[in-house]
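For reference, the chains in residue letters:
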Amino acid sequence: QPHLLGIEPLHPVEITTLLDLADTYAERNRKGLPGGDALRGLTQVNMFFEPSTRTQSSFEIAGKKLGAEVMNMGIAASSVKKGETLIDTALTLNAMRPDLLVVRHPMSGAVDLLAQKLQNCAVLNAGDGRHEHPTQALLDALTIRRAKGRLHRLSIAICGDIAHSRVARSNILLLHKMENRIRLVAPPTLMPPGIDAFGCEVFHDMEEGLQGVDVVMMLRLQRERMDGGFVPSEREYFHRYGLDAEKLGHAAPDAIVMHPGPMNRGVEIDGTIADDINRSVIQTQVEMGVAVRMAAMDLLAQNLRATRGRAALGEEV
Ligand code: CP
């Protein structure tokens, strides 16, 4: 693949290849070994049109560990604030010739559009609207595989604001491709219509939805995408859908708890569950974020160098 725009176009073999490479990077990172020079001589531009803590910083760390020149484009101080369109931003970037472009944007499809307009550059989607957040799903998959020893035939509950979540969408696509059983648990107002067509079981009650599951993945209420629609009260929401010890008691005794962050304690998850090192793998998810982003950029850079090599030889690419 020339870009990483979503999980949808990926084959299970490609997912496994990426996770295997990420696993080796995770081990190197744990041992404090250098990442290598897979991105030496390449320029990585991070362009975030929405706030981010984990994704932006881990892409930056990943790029630096692999030897890239990393530039964070400060959107707040850029000409985007003066009304520059996405297409004009793409043309400006083309002239600067970045090798890797990491983009987060509030509009679904904006990252695909940039990828079409940019030449000779690998584009990575760091989250676009409600559409996809592929590296989040990949780091979640690596975290599950390391905790459970496999990434197939698991029962996985994704709970909370599924309707507005690109994390849920990418995870559903990935976990489905890897042949897991997916249970979606949310109030009817936060469940997208037709979601059962993805092969998921749908529940509106936490006790039923969490019954015997191996993985509990919690999502935050994404108020910024609720467009003035129904917004539940936090107290009521926590009572019915917030993960606490009582609700977690319905999952398998060795079930792991995940959350992509940012987390709202006391809304979708009880703080003691989030901090329980015997159940929560939330910090491991952040750690795997660096390794997965190293692997994704390494593989894209290999593809980019091969394409450029063929072009230099005059072959059609
Ligand atoms: N999970 C995630 O995308 O977090 P950030 O918004 O902090 O990048």
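Keep in mind it's a predicted model, so treat the numbers as computed, not measured. For every chain, the first residue of the written sequence is number 1, and numbering continues from 1 along that sequence. Only residues with pLDDT of 70 or above have their local features reported here, since the model is predicted, and side-chain atom pairs are shown and tallied only from 80 upward, although totals for entire chains, interfaces and linings are computed over all residues. Side-chain descriptors were evaluated using all non-hydrogen atoms of the structure, hydrogens and water having been removed beforehand.

A. Broad picture of the overall build of the chain. By definition, any uninterrupted DSSP run of H or I lasting at least four residues is a helix, any uninterrupted run of E lasting at least two residues is a strand, and each is numbered from the N terminus. In terms of helices and strands, the chain carries 11 helices and nine strands. Here the radius of gyration uses the C-alpha set of atoms, whereas the globule reference equals 2.2 Å times the residue count to the power 0.38. Taking 2.2 N^0.38 as the reference for a compact globule, 317 residues should give roughly 20 Å; the C-alpha atoms of the chain span a radius of gyration of 20 Å, in line with that estimate. Considering only C-alpha atoms, the chain reaches an extent of 60 × 45 × 35 Å along its principal axes. The 317 residues of the chain split such that 54% are buried. Nonlocal contacts in the chain, meaning residues at least 24 apart in sequence, comprise 74% of its contacts between residues at least 6 apart. All accessible-area figures derive from a Shrake-Rupley calculation using a 1.4 Å probe, and residue coverage is judged against the displayed protein chains alone. Accessible surface, the chain as shown: approximately 14000 Å² in total, 52% of it carbon and sulfur. In this count, Lys and Arg are taken as positive residues and Asp and Glu as negative ones, while His and the chain termini are left out. Charge positions come from single atoms, namely NZ of Lys, CZ of Arg, CG of Asp or CD of Glu. Taken as two groups, the 35 positive and 39 negative side-chain charges of the chain have centres that lie 4 Å from each other. Only protein chains enter the accessibility calculation, which uses a 1.4 Å probe; a residue whose area is less than 20% of its type maximum is buried, one above 50% is exposed, and one in between is partly exposed. The contact criterion used is simple: two residues touch if any of their non-hydrogen atoms lie within 4.5 Å.

B. Here's a closer look at the pairing of strand S1 (residues 43–48). Of all six residues making up S1, five are buried, and the element is well covered by its neighbours. Note: two strands are recorded as paired if DSSP finds a minimum of 2 bridges between them. Direction of pairing for S1 relative to strand S2 (residues 69–73): parallel, over a ladder of five bridges. Looking across to S2, one finds that Met47 is bridged to Met73. Clockwise travel from the first strand over the helix to the second, with the strands pointing away from the viewer, marks a crossover as right-handed. Each parallel crossover has a hand, and for S1 linked through helix H2 (residues 54–65) to S2 it is right-handed. Examined bridge by bridge, S1 and strand S3 (residues 100–105) share five bridges and lie parallel to one another. Residue Asn46 lies in a different strand from S3, and its bridge partner there is Val102.

C. Region of the structure containing the UniProt feature "binding site: carbamoyl phosphate" (unreviewed entry) in the chain. UniProt positions are given in the numbering used here, feature names are shortened, and annotations may be inferred rather than shown by experiment. Those places that UniProt annotates as "binding site: carbamoyl phosphate" (unreviewed entry) correspond, in this numbering, to Arg54, Thr55, Arg104, His133, Gln136, Gly261 and Pro262. You can see Thr55 is positioned in helix H2. Non-local contacts of Thr55, meaning those with residues more than four positions away in its chain, are made with Phe48, Arg104, Ala126, His133 and Arg293. Setting aside residues no more than four positions away along its own chain, Gln136 makes contact with Val167, Pro260, Gln285 and Arg293.

D. Representation of the packing of aromatic side chains within the structure. The rule is short: rings of Phe, Tyr and Trp, with Trp giving its six-membered ring, pair when the centres are within 6.5 Å, and they are stacked under 30 degrees, edge-to-face over 60, tilted in between. The tally for this structure, following the rule as stated, stands at one aromatic pair. Whether a charge sits over a ring depends on NZ of Lys or CZ of Arg being within 6 Å of the ring centre and within 35 degrees of the ring normal. Above the face of the Phe238 ring, Lys247 is positioned so that its terminal group lies 5.8 Å from the ring centre.

E. Structural view of the site of the ligand. Note on definitions. A residue lies near a molecule or strand when any single heavy atom of the residue is within 4 Å of it. Inspection of the region around the ligand gives Ser52, Thr53, Arg54, Thr55, Arg104, His133, Gln136, Pro260 and Gly261 as its neighbouring residues. We define a polar contact as two N or O atoms separated by no more than 3.5 Å, with the added condition that, inside protein, one atom must be a possible hydrogen donor and the other a possible acceptor, whereas residues neighbouring each other in sequence contribute only through side-chain atom pairs. Within the side chain of Thr55, an N or O atom sits 2.6 Å from an oxygen atom of the ligand. Contacts to the ligand include His133, whose side-chain N or O atom sits 2.9 Å from an oxygen atom. Bound to the protein, the ligand loses 92% of the 250 Å² it would expose on its own.

F. Local environment of the sheet that holds strand S8 (residues 215–218). Read across the open sheet, the five strands follow the order S7-S6-S5-S8-S9; overall the sheet is parallel. In this open sheet, the two strands that pair with only one neighbour each are strand S7 (201–203) and strand S9 (256–258). Averaged over neighbouring strand pairs, the angle between their axes works out to 20° when direction is ignored. Of the strand pairs in this sheet, S8 and S9 are connected by three bridges, and their pairing is parallel. Directly across from Val216, in S9, lies its bridge partner Val257. Between the N-to-C directions of two axes lies an angle of 0 to 180 degrees, each axis being a line fitted to C-alpha atoms and, for a helix, fitted only over the stretch in contact.

G. Summary view of the packing of H2 against helix H11 (residues 282–312). As a packed pair, H2 and H11 sit with axes 8 Å apart at the nearest point and diverge in direction by 55°. When the interaxial angle is binned, H2 and H11 end up oblique. Of the two elements, H2 crosses H11, and the hand of that crossing is right-handed. Here H2 contributes Arg54, Thr55, Ser58, Phe59, Ile61, Ala62, Gly63 and Lys65 to the contact with H11, which in turn contributes Val286, Gly289, Val290, Arg293, Met294 and Met297. Three classes are used, and their members are as follows: Ala, Val, Leu, Ile, Met, Phe, Trp, Tyr, Cys and Pro are nonpolar, Asp, Glu, Lys and Arg are charged, and the others, Gly among them, are polar. Counted by class, the contact of H2 with H11 contains seven nonpolar, four polar and three charged residues. Put simply, angles under 35 degrees are roughly parallel, angles over 145 are roughly antiparallel, angles from 65 to 115 are roughly perpendicular, and the rest are oblique. Each helix crossing is assigned a hand: it is left-handed if the near helix lies turned anticlockwise from the far helix by less than a right angle, otherwise right-handed if that turn is clockwise.

H. The arrangement of a nonpolar patch on the surface in detail. Only residues whose relative accessible area exceeds 30% and that form no salt bridge are eligible for patches; like-charged ones are grouped when within 9 Å, while nonpolar side chains (Val, Leu, Ile, Met, Phe, Trp, Tyr) are grouped when within 5 Å. Every case where a carboxyl oxygen of Asp or Glu lies within 4 Å of a side-chain nitrogen of Lys or Arg is listed as a salt bridge. The grouping of Ile87, Leu91 and Leu113 at the surface amounts to a nonpolar patch, some 220 Å² of accessible area in total. Tracing the backbone through its elements, the reader meets Leu113 in helix H4 (residues 110–117).

I. Expanded view of the pattern of salt bridges. A full pass over the atoms with the stated rule returns 14 salt bridges. As a salt-bridge pair, Asp275 and Arg265 come within 2.9 Å of each other at their nearest N and O atoms. Here the residue Asp275 occupies a position in the loop between helix H10 (271–274) and H11, and Arg265 occupies one in the loop between S9 and H10, the gap between them amounting to 10 residues. Taken together, the salt bridges that share partners define one network made up of Asp20, Asp23, Glu27, Arg145 and Arg146.

J. Region of the structure containing the packing of helix H3 (residues 86–96) against H4. Here H3 crosses H4 at 40°, and the two axes come no closer than 9 Å. Viewed along their axes, H3 and H4 adopt a mutual orientation that is oblique. Where H3 crosses over H4, the two elements pack in a sense that is right-handed. Residues Leu86, Ile87, Ala90 and Asn94 of H3 pack against Ala110, Leu113, Leu114 and Lys117 of H4. Residue composition of the contact of H3 with H4, grouped by class: six nonpolar, one polar and one charged.

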